[in-house]
Amino acid sequence: YAVSLSMVNLYRDSADADALEALILDLSVGLVVIDSLSMVAGEADENATGEMGIVMQRLRRIAERTGAAIVLIHHANRSGGYRGASKIRDSLDLALQIESKQESPFVEIKTDKARDVAAFSLRAHLRFENGGDGTATKVFVSRAEPATKKEKMSVAEEYVIRHLTKHGPAGVESIKNNADSCAPETARSAA
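Residues numbered from 1 in each chain as written. Predicted model: local features only at pLDDT ≥ 70, side-chain atom pairs only at ≥ 80, totals over all residues. Heavy atoms only, no water.

Draft legend 1. Molecular detail of the packing of helix 1 (residues 14-27) against helix 3 (residues 49-66). Between helix 1 and helix 3, the least distance of the axes is 10 Å, while the angle of their chain directions is 25°. As judged from the angle between their axes, helix 1 and helix 3 are roughly parallel. Relative to helix 3, helix 1 is oriented so that their crossing is right-handed. Counted together, Ser14, Ala17, Asp18, Leu20, Glu21, Ile24 and Leu25 of helix 1 and Arg58, Arg61, Ile62, Arg65 and Thr66 of helix 3 form the full contact between these two elements. Across the contact of helix 1 with helix 3, the residue classes break down as five nonpolar, two polar and five charged. (Axes fitted to C-alpha atoms, helices over the stretch in contact; angles between N-to-C directions. Helix = DSSP H or I, 4+ residues; strand = E, 2+ residues; numbered from the N terminus. Parallel < 35°, antiparallel > 145°, perpendicular 65-115°, else oblique. Left-handed = near helix turned anticlockwise from the far one by under 90°. Contact = heavy atoms within 4.5 Å. Nonpolar A, V, L, I, M, F, W, Y, C, P; charged D, E, K, R; others polar.)

Draft legend 2. Region of interest: the pattern of salt bridges. Using the criterion set out here, one finds 13 salt bridges in the structure. With its nearest N and O atoms 2.7 Å apart, the salt bridge here joins Arg83 to Glu46. Of this pair, Arg83 sits in the loop between strand 2 (69-73) and helix 4 (86-90) while Glu46 sits in the loop between helix 2 (37-40) and helix 3, and the two are 37 residues apart along the sequence. For the salt bridge of Asp112 with Arg89, the shortest nitrogen-to-oxygen distance reads 3.0 Å. Of this pair, Asp112 sits in strand 4 (residues 106-114) while Arg89 sits in helix 4, placing them 23 residues apart in sequence. When its relative accessible area of 27% is taken as the criterion, Arg89 is described as partly exposed. The network of salt bridges with shared partners includes Asp18, Glu21, Arg61 and Arg65. (Salt bridge = Lys/Arg side-chain N within 4 Å of Asp/Glu carboxyl O. Buried < 20%, exposed > 50% of the residue type's maximum accessible area, 1.4 Å probe, protein only.)

Draft legend 3. Representation of unusual backbone geometry. Ser36 follows Asp35 through a cis peptide bond whose omega is 5°. Secondary-structure assignment places Ser36 in the loop between strand 1 (31-35) and helix 2. Even without being glycine, Leu5 reaches a positive phi, approximately 50°. On the secondary structure map, Leu5 appears in the segment before helix 1. On the basis of relative accessible area, Leu5 is assigned to the exposed category, the value being 73%. Backbone geometry places Glu103, a non-glycine residue, at a positive phi of 70°. Along the polypeptide, Glu103 turns up in the loop between strand 3 (94-99) and strand 4.

Draft legend 4. Spatial organisation of the layout of surface pockets. There is about 1000 Å³ of room inside the largest pocket. Considering the residues around the largest pocket, the lining is formed by 30 residues, among which Leu72, Leu92, Leu94, Ala95 and Leu96 are closest to the centre. Within the residue set of the lining of the largest pocket, elements represented by two or more residues are helix 3, strand 2 and strand 3. Take the lining of the largest pocket: its biggest share by element is six residues, from strand 3. (1 Å grid on protein atoms, 1.4 Å probe; cavity = no way out; pocket = protein on both sides within 12 Å on 5 of 7 lines; lining within 4 Å. Points joined across faces, edges and corners; volume = space filled by probe spheres on them.)

Draft legend 5. Quick peek at the packing of aromatic side chains. Counted under the stated rule, the structure contains zero aromatic pairs. Sitting over the ring of Phe140, Arg127 keeps its end group 4.3 Å from the ring centre. (Phe/Tyr/Trp six-rings, centres within 6.5 Å; stacked < 30°, edge-to-face > 60°. Lys NZ or Arg CZ within 6 Å of the ring centre and 35° of its normal.)

Draft legend 6. How the structure looks around the environment of His163. Mapped onto the elements, His163 comes out in helix 5 (residues 155-167). Residues His163 and Asn178, 15 residues apart in the sequence, show an inter-C-alpha distance of 8.3 Å. For His163, the residues in contact, after removing those within four places along its chain, are Gly168, Ala170, Ser174, Ile175 and Asn178.

Draft legend 7. Molecular detail of the nonpolar core. By size, the foremost hydrophobic cluster in this structure holds 21 residues, and its most contacted members are Leu10, Leu37, Met52, Val55 and Leu59. Elements supplying a minimum of two residues to this core: helix 1, strand 1, helix 2 and helix 3. Per-element accounting of this core gives the leading share, five residues, to helix 3. Every residue in contact with Leu10, bar those within four places of it in the chain, is listed here: Asp16, Ala17, Val40, Ile54, Val55, Arg58 and Leu59. (Core = buried A, V, L, I, M, F, W, Y, C linked by side-chain atoms within 4.5 Å.)

Below you can see the structure in the form of structure tokens.
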């Protein structure tokens, strides 16, 4: 089932929360996806703890009374981090950070907050099968191997590796005394 442009305002109107709860119960829905939190928060200031507390409390009440899992889509800030009042995050049982780079078939999913479950991260591969008119008719999702992270070495660590490769096993004093791209003490620490 889908409800589009419902103009639900969980901040201003408790009757809207009651109507959403009744709809979930009437349809015997077990999973509700709300896209996005800002669309149902009405004029609540996303950065105001008290105002977002009202919205989150009403959603919690709906979930508890209906037994439905409620998934909120909440967009990141410009730097890709968490956006809005801490009350939003504090109210969640599970917060996932989901990211997909432009033109990439992969979706990275990682736990941002977990209550009563172990944190996790996974990578999914999305494949779209197009219909004859160019529209996506099917979406296939499969688990993908996690992206390998390349370890970034410091200049001093690179020096130590270069020194050991060229000279073979060496003591810390030799590494320190022959430092050519970093300070001797930095080379000693890196070793």
